[in-house]
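# A structural walkthrough
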Amino acid sequence: MRKIRVLALPLALSAVLAVGAEGGASARPTARDDGGATVAAAQKKGVSAWKFDGVTRALADAKVGWFYTWSSGRGGIKAPAGVEFVPMMHDAGSVTKAELTRAKKQGKVLLGFNEPDRADQAHMTVKEALDLWPRLESTGMRLGAPAVATGGDLAGGWLDRFMKGAAARDHRVDFIPLHWYGADFDATRATAQLRSYLQAVYSRHRKPIWLTEYALIDFTNGTPRYPSKAQQAAFVKKSTAMLQRLPYVKRYAWFTLSTDRGDGSGLYRGATANRVGAAYRAAG
């Protein structure tokens, strides 16, 4: 998440694509995860969320298989039946006995630190993350690498150094979460750019990918610039079709469920889908 969005988040978050054994309706298309389990294609689709009026109905209406809150807990969200919560250790301060216990009680998969390469997010050195990693491993949960904001495909980048350090220390990393925001609002070009990035990260690290934040938002001039709802919806349609087909992308999550704190890319106003939300609901 970027600083501009953090300012609008609750205080608990403001310090602010592997897969588990999952079931699904047999009528849905299925794929094999890296552990050999059969999963429903619809389970790939998720969303980031926080508590708001209508959040449970919106999660159900969006037809997602999972959600997360950038935290070890649900943040007061009552999940609809069949929608999995995935906890996160947001930053170094999150790595406490209480938060690790809560994460283990509330989920089966654990997301690592949020954008450690950004000063306005987890803001961690590679060494700090590696030193804390055994405590995340101690939960016994499937474990996703820290989700870098950018540069997941770069030799010598934050993620590259973390993955090499993890291998040297024999730390377990089951999959790689990624974030991606597109500044090109043409749906076809943006989808191709996203796929190119995912492929480059996969080719470098050879780990399953979770795309845990993505949308069309142009951050190049500091102040975010958003596409029209029609452009965003067109990108949703093309990008989700691509993501559903990529075998190494195990899950993806749009930024974000509510328009209250993500008006340029949010899917729902209360429990009512906007044009972008309707497109995401139809995905998968």
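Residues numbered from 1 in each chain as written. Predicted model: local features only at pLDDT ≥ 70, side-chain atom pairs only at ≥ 80, totals over all residues. Heavy atoms only, no water.

Right, let's talk about the side chain of His 90 for a bit. Along the chain, the position of His 90 falls in the loop between β5 (84–85) and α4 (97–106). Only 3.0 Å separates the side chain of His 90 from the side chain of Asp 91, close enough to count as a polar contact. (Helix = DSSP H or I, 4+ residues; strand = E, 2+ residues; numbered from the N terminus. Polar contact = N/O pair within 3.5 Å; in protein donor to acceptor, adjacent residues only side chain to side chain.)

For the structure on display, the rule yields 13 salt bridges. Residues Glu 84 and Arg 251 are paired through a salt bridge, measuring 3.0 Å at the closest nitrogen-oxygen approach. Taken as a pair, Glu 84 in strand β5 and Arg 251 in strand β10 (residues 249–254) lie far apart in primary sequence, 167 residues in all. Residues Asp 218 and Arg 225 are paired through a salt bridge, measuring 3.0 Å at the closest nitrogen-oxygen approach. Of the residues examined, Arg 225 reaches a relative accessible area of 41% and is grouped as partly exposed. (Salt bridge = Lys/Arg side-chain N within 4 Å of Asp/Glu carboxyl O. Buried < 20%, exposed > 50% of the residue type's maximum accessible area, 1.4 Å probe, protein only.)

The sheet built from six strands is open, its strands ordered β5-β4-β3-β10-β9-β8 with parallel pairing. At either end of the open sheet lies a strand with only one pairing partner, and these are β5 and β8 (176–182). Across seven bridges, β8 lies against strand β9 (residues 209–216) in parallel orientation. Looking at β9, one finds that Pro 177 is bridged to Trp 210. Contacting β8, β9 and β10, helix α7 (residues 187–205) crosses the sheet at an angle of about 155° to β8. (Pairing = 2+ DSSP bridges. Contact = heavy atoms within 4.5 Å. Axes fitted to C-alpha atoms, helices over the stretch in contact; angles between N-to-C directions.)

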